Amino acid sequence: ETLLTRSLEELEGKKFDFISANLENEIAGLAIKEPKKKTQHIRDLLKEMDDDQASGLSSKFVPTGFKKLDEMLNGGIHAQQLVIIGARPSVGKSSICQNVILNASKAGKKCLFISLEVDKRNVTLKFLSDLASVETYKIRNNWLSKVESEFLQKAKSQLREMEIYTNDSSYLRISQIGQIIKSQLDKQPVDLVVVDYVQIIRGDDVKNKNEALVIKENTTALKAFAKQFDVAMLALAQINRKAVEGAKQEPTINDFKGSGGIEEDADVAIILHRDRNEGDAKDNYFSQNGKLIVAKNRHGKTGEISIRFEGDFGRFTQNENTNF
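Just so it is clear, the model here is predicted, and its values are computed rather than measured.

Basis of the calculations
Residues numbered from 1 in each chain as written. Predicted model: local features only at pLDDT ≥ 70, side-chain atom pairs only at ≥ 80, totals over all residues. Heavy atoms only, no water. Helix = DSSP H or I, 4+ residues; strand = E, 2+ residues; numbered from the N terminus. Buried < 20%, exposed > 50% of the residue type's maximum accessible area, 1.4 Å probe, protein only. Contact = heavy atoms within 4.5 Å. Pairing = 2+ DSSP bridges. Axes fitted to C-alpha atoms, helices over the stretch in contact; angles between N-to-C directions. Patch = residues over 30% accessible without salt bridge, like charges linked within 9 Å, V, L, I, M, F, W, Y side chains within 5 Å. Areas by Shrake-Rupley, 256 points an atom, 1.4 Å probe, with all protein chains shown as cover. Salt bridge = Lys/Arg side-chain N within 4 Å of Asp/Glu carboxyl O. Phe/Tyr/Trp six-rings, centres within 6.5 Å; stacked < 30°, edge-to-face > 60°. Core = buried A, V, L, I, M, F, W, Y, C linked by side-chain atoms within 4.5 Å. Left-handed = near helix turned anticlockwise from the far one by under 90°. Nonpolar A, V, L, I, M, F, W, Y, C, P; charged D, E, K, R; others polar. Expected span 1.5 Å × (residues − 1).

Some remarks on the overall build of the chain
Here comes step 1: On a plain count of helices and strands, the chain comes out with 11 helices and 11 strands.
Here comes step 2: A burial count over the chain gives 44% of its 324 residues as buried.
Here comes step 3: By sequence separation, contacts in the chain at least 24 residues apart represent 67% of the contacts at least 6 residues apart.

Quick word on the environment of isoleucine 307
Here comes step 1: Mapped onto the fold, isoleucine 307 is located in strand β10 (residues 303–310).
Here comes step 2: For isoleucine 307, a relative accessible area of 0% puts it in the buried group.

Considerations on the sheet that holds strand β11 (residues 315–318)
Here comes step 1: The nine strands are arranged β5-β4-β6-β7-β3-β8-β9-β10-β11 in an open sheet whose pairing can be described as mixed. Two strands bound the open sheet, and with one partner strand each, they are β5 (164–167) and β11. This sheet shows a mean twist of 25 degrees between the axes of neighbouring strands, independent of strand direction.
Here comes step 2: Bridge analysis of strand β9 (residues 286–297) against β10 gives six bridges, and the strand direction is antiparallel. From the neighbouring strand, valine 294 faces β10, where its bridge partner is glycine 303.

Quick word on a nonpolar patch on the surface
Here comes step 1: Nonpolar side chains collect at one region of the surface, where Ile42, Leu45, Leu46 and Met49 lie side by side and expose about 390 Å² of accessible area between them.
Here comes step 2: Examined against the element boundaries, leucine 45 turns out to sit in helix α2 (residues 42–55).
Here comes step 3: We classify leucine 45 as partly exposed; its relative accessible area is 32%.

Quick word on the packing of aromatic side chains
Here comes step 1: If you walk through the whole model with that rule in mind, you get three aromatic pairs.
Here comes step 2: Aromatic side chains tyrosine 137 and tryptophan 143 sit 6.3 Å apart centroid to centroid with 75 degrees between the ring planes, which places their arrangement in the edge-to-face category.
Here comes step 3: Residue tryptophan 143 is classed as exposed on the basis of its relative accessible area, which comes to 53%.
Here comes step 4: Summarising the aromatic geometry, the rings of phenylalanine 225 and phenylalanine 229 are spaced 6.0 Å apart at their centres and angled 35 degrees between planes, so their arrangement reads as tilted.

Brief notes about the pairing of strand β7 (residues 232–238)
Here comes step 1: Counting buried positions along β7 gives seven out of seven residues, so the element sits mostly inside the fold.
Here comes step 2: Direction of pairing for strand β3 (residues 82–87) relative to β7: parallel, over a ladder of six bridges. If you follow isoleucine 85 over to β7, its bridge partner there is leucine 236.
Here comes step 3: Across four bridges, the pairing between strand β6 (residues 192–196) and β7 is parallel. If you follow valine 193 over to β7, its bridge partner there is methionine 233.

A closer look at the nonpolar core
Here comes step 1: Counting residues in each nonpolar core, the largest one holds 49 residues, and the members touching the most others are Leu192, Leu234 and Leu272.
Here comes step 2: When near neighbours in sequence (up to four residues on either side) are disregarded, leucine 272 contacts Ile85, Gly86, Ala87, Val91, Gly92, Lys93, Ile96, Lys291, Leu292, Ile307 and Phe316.

Comments concerning the pairing of β9
Here comes step 1: The buried fraction of β9 amounts to nine of the 12 residues, a majority that puts the element mostly inside the structure.
Here comes step 2: Where strand β8 (residues 268–276) and β9 come together, eight bridges link them in antiparallel fashion. Looking at β9, one finds that histidine 273 is bridged to lysine 291.
Here comes step 3: In textbook terms, the turn of a hairpin is the stretch between consecutive antiparallel strands, and for β9 and β10 this stretch comprises five residues.

A closer look at the pattern of salt bridges
Here comes step 1: Tallied over the full model, the rule gives 13 salt bridges.
Here comes step 2: Close ionic contact of aspartate 265 with lysine 216 constitutes a salt bridge, the shortest N to O distance being 3.1 Å. Of this pair, aspartate 265 sits in helix α11 (residues 259–265) while lysine 216 sits in helix α9 (residues 211–229), placing them 49 residues apart in sequence. Each member of the pair, aspartate 265 together with lysine 216, is buried.
Here comes step 3: Ionic pairing is found between lysine 291 and glutamate 304, a salt bridge with its closest N-O pair at 3.3 Å. Within this pair, whereas lysine 291 is found in strand β9, its partner glutamate 304 is found in strand β10, the two being separated by 13 residues in sequence.
Here comes step 4: Judged by its relative accessible area of 28%, glutamate 304 is partly exposed.
Here comes step 5: Three or more residues are tied together by salt bridges with common partners; here these are Asp130, Glu310 and Arg315.

With respect to the packing of helix α5 (residues 120–132) against helix α7 (residues 146–161)
Here comes step 1: Contact geometry for α5 and α7: axes closest at 9 Å, N-to-C directions at 115 degrees. As for the relative orientation of α5 and α7, their crossing is right-handed in sense. Taken together, the residues of α7 that come into contact with α5 (itself represented by Thr124, Phe127, Leu128, Leu131 and Ala132) are Phe151, Leu152, Ala155, Lys156, Gln158 and Leu159.
Here comes step 2: Here the contact of α5 with α7 is composed, by residue class, of eight nonpolar, two polar and one charged.

Notes on helix α4 (residues 93–106)
Here comes step 1: In this model α4 runs 20 Å from its N-terminal to its C-terminal C-alpha over 14 residues, within 8% of the 20 Å that 1.5 Å per residue would give.
Here comes step 2: Burial analysis of α4 places 12 of its 14 residues in the buried class, which makes it a mostly covered element.
Here comes step 3: Turning to α4, its buried residues number three or more, namely Lys93, Ser94, Ser95, Ile96, Cys97, Gln98, Asn99, Val100, Ile101, Leu102, Ala104 and Ser105.
Here comes step 4: Positive backbone phi, approximately 90 degrees, marks glycine 108, located one or two places after α4.

Shape is all these values report; function is a separate question.
Below, the structure is given as C-alpha cells:
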C-alpha cells in the first residue's frame, strides 16, 4: 500500500510538472503545435504554390540592398529562412546588419532588431549617421555645420517613417527571444527579424552541455522561430579569432564559433571578411575593401561579393568587382 501510494504521488507530481511546463509554454506563446497536414499529395502542394503565386505570397522576401547578394539569394532573405552572417571581432558585423535593416526599411519592409550587444540609442545613432552621411561623433556632440544639420534633420524624418523596432535587452535566453518576436507580432507584423549575435544568446537548459551544443540548440530554435512566425531571420555570429589570428587566409564556414549548428541550421551562411592592413598588428585595423563570402546557400549560388566599408558612417557598399 505504501509503495502504491508513493507511485501515485510520483505520477501526480509528473503530471503536475507536465501541465506546468505546457502552461508555461502557452503563456510564452511558444507551444509547439502539431501541423495540420504532415503528409500531402504533390498535387495539393502544386495548388498551394499556384495560389501563393496568384496572391503574391511566393515573393515574400526581404531585400538586403546589396544587389549581387540579392541576386544570389533569389531576391533577398525569404520568409522562414535563417541567414547567418559571421565575422571576426571588429570587422563590422553589427554595421552590416544595420545596413541591411535600413535597406530593407527603405524598400517598405518592417524590421525587428534584437540587439544583445549594442544599446538602442547607439543603434539609432548609427542609423542616423548612415542616412545623413554624418560622422557619429559629430551627431553625438552636436558638432555640426549648417549643411550637416540639414542632412541630419532629413535623416530623422526618413527614420521616423521607417517601420523599425529595436529591443536591446541583454543576457537573453533563447526562449525569451521567441517571446519578444511573438509579442511584437501580436502588436505589429514584421518581415525581418535580426539577432545580434548567436554566441551570446543564453541557452534555456545549459546543464552538462558544452558551448557548441548550446549554440546548436539556439540556431535550431532561431530556424524554428523563422518557420513558426513566418518571418525572414538574420542572425549574426562570431568567427573563431584563433582560427584566423595572424594568418592571411580567409575564414571558412568551419571557422564559425560553434560551427556545427550554424552549418546544419542556416539556409544561407555568409562570411564578412576584410584583410588586415599590411604592417598593422592591431586586431581592429582592417582594410576598407572586403567581401561577402556566401559559403552556403541551400536555394541558390555561392560565391563572393566585393564590398567597401565607409567607416566614418558605419556603412558597407557594394563594389562592381563581384565574382559568383
